[in-house]
Amino acid sequence: MSLGAPWNSACQTYAKSGILLQGCGWLRASKGSSSWVRASCAWTKRYVDILAITTIARRATPVPYGANETFGQFLWPKVSLCVLPVAADREFIVPAPLLRRILLCLAIAAPAMVFRVLGLAPHPVLDLVIFGAAVVAASFMLAWAAEAAQKDISGALAIAILALIAVLPEYAVDLYYAFRSGSDPAYAQFAAANMTGSNRLLLGFGWPLVVVVALIVARRAASARGATGTGLPRALQLPKSSRLDIGVLAIVAVLAFAIPLMQTIAMWFGLVLILIFIAYLWRASKVPDSGEDEFVGMAAHIVELPERRRRILVVSMFVVSAAIILASAEPFAEALVESGSALGIDSYFLVQWLAPLASEAPEFIIAVLFALRGMGTAAIGTLIASKINQWTLLVGSLPIAHYFGGGGGLDLALDPRQVEEFVLTASQTVMGVAIIIALRFHRWSALALVALFAVQFVVTDTSGRYVLSAVHLGIAAVLFWVHRRDILPALAAPFRRSLPEPADDDREPQLVR
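We now turn to the structure provided with this report. (Residues numbered from 1 in each chain as written. Predicted model: local features only at pLDDT ≥ 70, side-chain atom pairs only at ≥ 80, totals over all residues. Heavy atoms only, no water.)

Here we take up the side chain of Glu421. Its location among the elements puts Glu421 in helix α14 (residues 416–436). Residue Glu421 is classed as buried on the basis of its relative accessible area, which comes to 2%. Residues in contact with Glu421, not counting those within four places in the same chain, are Thr196, Arg200, Tyr348, Gln352 and Arg465. (Helix = DSSP H or I, 4+ residues; strand = E, 2+ residues; numbered from the N terminus. Buried < 20%, exposed > 50% of the residue type's maximum accessible area, 1.4 Å probe, protein only. Contact = heavy atoms within 4.5 Å.)

This part takes up a nonpolar patch on the surface. Residues Leu99, Leu103, Leu106 and Val320 make up a contiguous nonpolar surface patch of roughly 300 Å² in combined accessible area. In terms of residue count, helix α2 (residues 96–118) provides more of the nonpolar patch than any other element does, three residues in total. Within the secondary structure, Leu99 sits in helix α2. With relative accessibility at 37%, the residue Leu99 sits in the partly exposed group. (Patch = residues over 30% accessible without salt bridge, like charges linked within 9 Å, V, L, I, M, F, W, Y side chains within 5 Å. Areas by Shrake-Rupley, 256 points an atom, 1.4 Å probe, with all protein chains shown as cover. Salt bridge = Lys/Arg side-chain N within 4 Å of Asp/Glu carboxyl O.)

With that out of the way, let us pick up the side chain of Ser347. Among the structural elements, Ser347 can be located in helix α12 (residues 347–372). For Ser347, a relative accessible area of 12% translates into the label buried. There is a polar contact of 2.8 Å between the side chain of Ser347 and the backbone oxygen of Val337. Excluding anything up to four places from it in sequence, Ser347 contacts Phe190, Leu336, Val337, Gly340 and Ser341. (Polar contact = N/O pair within 3.5 Å; in protein donor to acceptor, adjacent residues only side chain to side chain.)

Time to look at the pattern of salt bridges. For side chains bearing opposite charge, pairing can occur when the charged atoms are close. For the structure on display, the rule yields eight salt bridges. For Glu420, the salt bridge is made with Arg465, and the minimal N-O distance between the two is 3.9 Å. Taken together, the residues Glu420 in helix α14 and Arg465 in helix α16 (residues 462–482) connect sequence positions 45 residues apart. Residues Glu420 and Arg465 agree in their burial class; the two are buried. Its salt-bridge partner being Glu421, residue Arg465 comes within 3.1 Å of it at the nearest N-O pair. Linking Arg465 in helix α16 with Glu421 in helix α14, this pair joins segments that are 44 residues apart in sequence. The two residues Arg465 and Glu421 agree in class, both being buried. Overlapping salt bridges bring together Arg200, Glu420, Glu421 and Arg465 as one network.

Time to look at the packing of aromatic side chains. For any two aromatic rings, the description comes down to two numbers: the centre-to-centre distance and the angle of the planes. For the structure on display, the rule yields 14 aromatic pairs. Between the aromatic rings of Tyr176 and Tyr177, the centroid separation amounts to 6.0 Å while the plane-to-plane angle is 55°, which identifies the pairing as tilted. When its relative accessible area of 0% is taken as the criterion, Tyr177 is described as buried. Measuring from ring centre to ring centre gives 5.9 Å for Tyr187 and Phe190, while their planes differ by 75°; the resulting arrangement is edge-to-face. (Phe/Tyr/Trp six-rings, centres within 6.5 Å; stacked < 30°, edge-to-face > 60°.)

Quick look at the packing of helix α3 (residues 124–148) against helix α11 (residues 307–343) now. Axis separation between α3 and α11 bottoms out at 7 Å; the angle between their running directions is 150°. In terms of orientation, α3 lies roughly antiparallel with respect to α11. Our pair here, α3 against α11, has a crossing hand that is left-handed. Its residues placed into classes, the contact of α3 with α11 shows 24 nonpolar, five polar and two charged. (Axes fitted to C-alpha atoms, helices over the stretch in contact; angles between N-to-C directions. Parallel < 35°, antiparallel > 145°, perpendicular 65-115°, else oblique. Left-handed = near helix turned anticlockwise from the far one by under 90°. Nonpolar A, V, L, I, M, F, W, Y, C, P; charged D, E, K, R; others polar.)

Turning to the packing of helix α6 (residues 188–224) against helix α13 (residues 376–404), a few remarks are in order. Orientation of α6 relative to α13, taken along the N-to-C sense of each, is 170°, at an axis distance of 9 Å. One way to sum up the angle between α6 and α13 is to call them roughly antiparallel. Here Ala191, Met195, Ser198, Asn199, Arg200, Leu202, Leu203, Gly206, Trp207, Val210, Val211 and Ala214 of α6 come into contact with α13, specifically with Gly376, Ala379, Ile380, Leu383, Ile384, Ser386, Lys387, Gln390, Trp391, Leu394, Val395 and Leu398. Its residues placed into classes, the contact of α6 with α13 shows 16 nonpolar, six polar and two charged.

Let us now look at helix α5 (residues 168–181). In a regular helix each residue adds 1.5 Å, so 14 residues correspond to 20 Å; α5 covers 20 Å between its end C-alpha atoms and thus fits that length. Of all 14 residues making up α5, 10 are buried, and the element is well covered by its neighbours. Of the positions making up α5, those classed as buried are Pro169, Glu170, Tyr171, Ala172, Val173, Asp174, Tyr176, Tyr177, Ala178 and Ser181. (Expected span 1.5 Å × (residues − 1).)

Written out as structure tokens, the structure is:
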């Protein structure tokens, strides 16, 4: 926003007075408004606040903040300016809505930190609530900071890193179980349980949720424009740049079947998965930026801050939230196991579903916020990248954590139940790849994913789980045949030396009728 000649003249006058100012400040949009915009002046050397008060007369109206410098009457008829020198500590002021939510998250996490420091563990269920709430609160701060970090990291790499950071709570809990299994083999089952549960929750509930919300928003917008019947959107079209993620996920989904076949997660296989993840990040960094990023919720407040202040805040939120998550991971994981016995519920079930629900909740909420803003492709892109992170870095790290926890060998052995869970999770992943390989996510596909996800809670016996896995693979086979022309482009995307510039239709989410 340009302030014009009156503001330039004012800055010159102020600079000639011998006071050095900074070249930027804040401008209030209108009288009584809480909206502020950045303004700049070439003659300033220090931070200032520029407050504009709309008046009927041409006379300057003093600002009720104790302003001691007022530039009187200007050529700008209805606006008078008061310039306040700002102390150095004002550089670190955080927007009020963001500050309130950060303080709320810290207040929720505070009891867990007190319990942790004092070594309190009064009851497994209470511990589960206290430390689980801390993990969720820290996850929200982590997700806000990770999303805002995209301001400084563009392209597909930003989405990949956002997805990696967003699942840190899951990594902390899962790796704790793997580490503990090195000295207590009974914990090995929980490492696999948490990973398979979060993996299936992400695809069976997270993906459909985002697609359905995006389509509801789009259909309402289309109806408002007078569209009816076949004119309403029925599918979410993914950009061509998504082929990189889909191709990597397809390769990993096929490799995942090696785990149940070997009935172990071998150290060498884990290292292969980690190398795939590193290669994926490198390839994602080569994808051209598709345009200006849009931010929602608390991340939008963060990115509006000046660069230095924004980066300090983002790093601080990363450090604090990560410290809370790491401090809460062990007691939360232990409370999950002990609460099962106290409540008469299968501990395996709690670890498999309650822990992922707590750790994935912030990511789901942010994805839904993107979808509500008409950014469905950005939301589903983050969840696809999270799926890759889980199958590569997370699974690959399990045998490493097991080894450093005192495991006798280099492999993390799986029992029959864990083998069954890996088969079901891998088959669901293959079906998910088949659904999106044509770069189109239909609403009926989303509903089918939710239905099949719900069936697994009814079919609990081993033979039933293998039948459900066969159903997943059967549906995938049909979809691969229907979209057979899209298979090679998707599989080739991770190996291309150069990626094409994003087309115009890749820059905005598209909805297909």
